[in-house]
Amino acid sequence: MDLQTQLEELRMSTQDQLQAIKAENAKELQELRVKVLGKKGSLTELLKGLKDLPKELRPVVGKQVNEVRDVLTKAFEEQSKILAEAQIQAQLESESLDVTLPGRQISIGNRHVLNQITEEIEDIFLGMGYQVVDGYEVEQDYYNFERMNLPKDHPARDMQDTFYISEDILLRTHTSPVQARTLDKHDFSKGPLKMISPGRVFRRDTDDATHSHQFHQIEGLVVGKNISMGDLKGTLELISKKMFGEDRKIRLRPSYFPFTEPSVEVDVSCFKCGGKGCNVCKKTGWIEILGAGMVHPSVLEMSGVDSEEYSGFAFGLGQERIAMLRYGINDIRGFYQGDSRFTEQFK
């Protein structure tokens, strides 16, 4: 069989095979392309036979080889398009969409419980005429300790020893520095200072079910003329009733904080047992919720405030503690682990 006849038969047989390939066998198309038009394919093998032809036939047969290659190349491209379209059509038919079906319910997230507690407390104080002031999480030792009546080497610093970036820069241990900075700028000719400072704080602590190296605080400060312990007690009673129920009572126990004098620990009557004694209040009928006191005169004087003319009170509470008490959460680490099953409980 001469070379020209072999070329014609290759063209015809290849075209027949192309027609027989179905959409689901697209891989077969590529294999046939390599078998016919590849470097070691049938057409290349026939092309090697040109050297054995008489010189006068080589141009004629060479032209026929090019024509067959062009025809087959075009045939492969067309068949490839046909198979691709067939695959798309088959996919559309198998994945048809019924637009009359109801839409799928999309899971919607919710505010983190600590944010909910923070916003609830902010709303209470905004209603009482307080301002909400943010501050720096990376703070100077001067504002974090010294301005809170905690000079260097003061033993009370050990309770709040924290993460130092340098000798004078650290991660704040409470939001009190915000109060000091705000007190520096306040113009008392326009009225008393009433503020809260919510935020994240850091302390060197062992992570366990009730402690964390980071947690959240909201501290409050009121400074003006004739501010008394009675004003503090009335404010704390209002907070307790708003957060834990109108039936709640509070009691004040003497305590010590370097930046307040006198200082008190504040307990609220147990909201679970009503003060009768249970596992939440450890059979005492009372739950400790925060610390407070009258602003120490030295703290006022360091801000240039005359402690003979002005007085004030301050308090601090933790959002995690309130949430744990209110919702019966027994492990503080749940707040920070990012488990959606935890946060979904507080919608």
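These numbers were taken from a predicted model, which means no experiment stands behind them.

K.L.:
What should I look at first to understand the overall build of the protein in this one?
P.N.:
What the protein contains, in helices and strands, is 11 helices and 9 strands. At 40 Å, the protein has a C-alpha radius of gyration far larger than the 20 Å of a compact globule built from 347 residues. In terms of overall dimensions, the protein has C-alpha extents of about 125 × 50 × 40 Å along its principal axes. The buried share of the protein, taken over its 347 residues, is 41%. For the protein, long-range pairs separated by at least 24 residues make up 66% of all intrachain contacts whose partners lie at least 6 apart in sequence. About 20,200 Å² of surface is accessible on the protein, with carbon and sulfur atoms providing 50% of the total.

K.L.:
What is the right way to read the UniProt feature "binding site: Mg(2+)" (unreviewed entry) in the protein from this model?
P.N.:
Under the UniProt annotation, "binding site: Mg(2+)" (unreviewed entry) lies at Glu261. Positionally, Glu261 belongs in strand E7 (residues 260-269). Those residues in contact with Glu261 that lie beyond four places of it in its chain are Met294 and His296.

K.L.:
Would you explain the side chain of Thr162 in this entry?
P.N.:
With respect to the secondary-structure elements, Thr162 resides in the loop between helix H6 (141-144) and strand E3 (169-171). By relative accessible area, Thr162 is classed as buried at 8%. Within polar-contact distance, the side chain of Thr162 engages the backbone oxygen of Leu171 at 3.3 Å. Within the local environment of Thr162, its side chain forms a polar contact with the backbone oxygen of Phe202, the two atoms lying 3.1 Å apart. Apart from residues no more than four positions distant in its own chain, Thr162 is found in contact with Leu170, Leu171, Thr173, Phe202, Arg203 and Arg204.

K.L.:
Would you explain the sheet that holds E7 in this entry?
P.N.:
Ordered in space as E1-E4-E5-E9-E8-E7-E6, the 7 strands form an open sheet in which the pairing is mixed. Bordering the open sheet on either side are strand E1 (131-132) and strand E6 (250-257), each of which pairs with just one other strand.

K.L.:
I'm lost on unusual backbone geometry in this one. Help?
P.N.:
Most peptide bonds take the trans form, and the phi angle of most residues other than glycine is negative. In this structure, the amide linkage connecting Glu261 to the following residue, Pro262, adopts the cis form with an omega of 0°. Assignment of secondary structure puts Pro262 in strand E7. Non-glycine residue Asp153 carries a positive phi angle of around 75°. Structurally, Asp153 is set in the loop between H6 and E3. Unusually for a residue other than glycine, Lys282 sits at a positive phi of about 55°. Looking at the secondary structure, you find Lys282 in the loop between E7 and strand E8 (286-295).

K.L.:
Please clarify how the packing of helix H2 (residues 26-37) against helix H4 (residues 58-94) should be interpreted in this entry.
P.N.:
A pair of packed helices can be characterised by two numbers: the angle between their axes and the separation between those axes. Between H2 and H4, the shortest axis-to-axis distance is 10 Å and the interhelical angle comes to 175°. Our classification of the angle between H2 and H4 gives roughly antiparallel. Counted together, Ala26, Leu29, Leu32, Arg33, Val36 and Leu37 of H2 and Leu72, Thr73, Phe76, Gln79, Ser80, Leu83 and Gln87 of H4 form the full contact between these two elements. Taken together, the residues of the contact of H2 with H4 sort by class into 8 nonpolar, 4 polar and 1 charged.

Definitions and cut-offs
- Residues numbered from 1 in each chain as written.
- Predicted model: local features only at pLDDT ≥ 70, side-chain atom pairs only at ≥ 80, totals over all residues.
- Heavy atoms only, no water.
- Helix = DSSP H or I, 4+ residues; strand = E, 2+ residues; numbered from the N terminus.
- Rg over C-alpha atoms; globule rule 2.2 N^0.38 Å.
- Buried < 20%, exposed > 50% of the residue type's maximum accessible area, 1.4 Å probe, protein only.
- Contact = heavy atoms within 4.5 Å.
- Areas by Shrake-Rupley, 256 points an atom, 1.4 Å probe, with all protein chains shown as cover.
- UniProt positions renumbered as here; feature names shortened; annotations may be inferred.
- Polar contact = N/O pair within 3.5 Å; in protein donor to acceptor, adjacent residues only side chain to side chain.
- Pairing = 2+ DSSP bridges.
- Axes fitted to C-alpha atoms, helices over the stretch in contact; angles between N-to-C directions.
- Parallel < 35°, antiparallel > 145°, perpendicular 65-115°, else oblique.
- Nonpolar A, V, L, I, M, F, W, Y, C, P; charged D, E, K, R; others polar.

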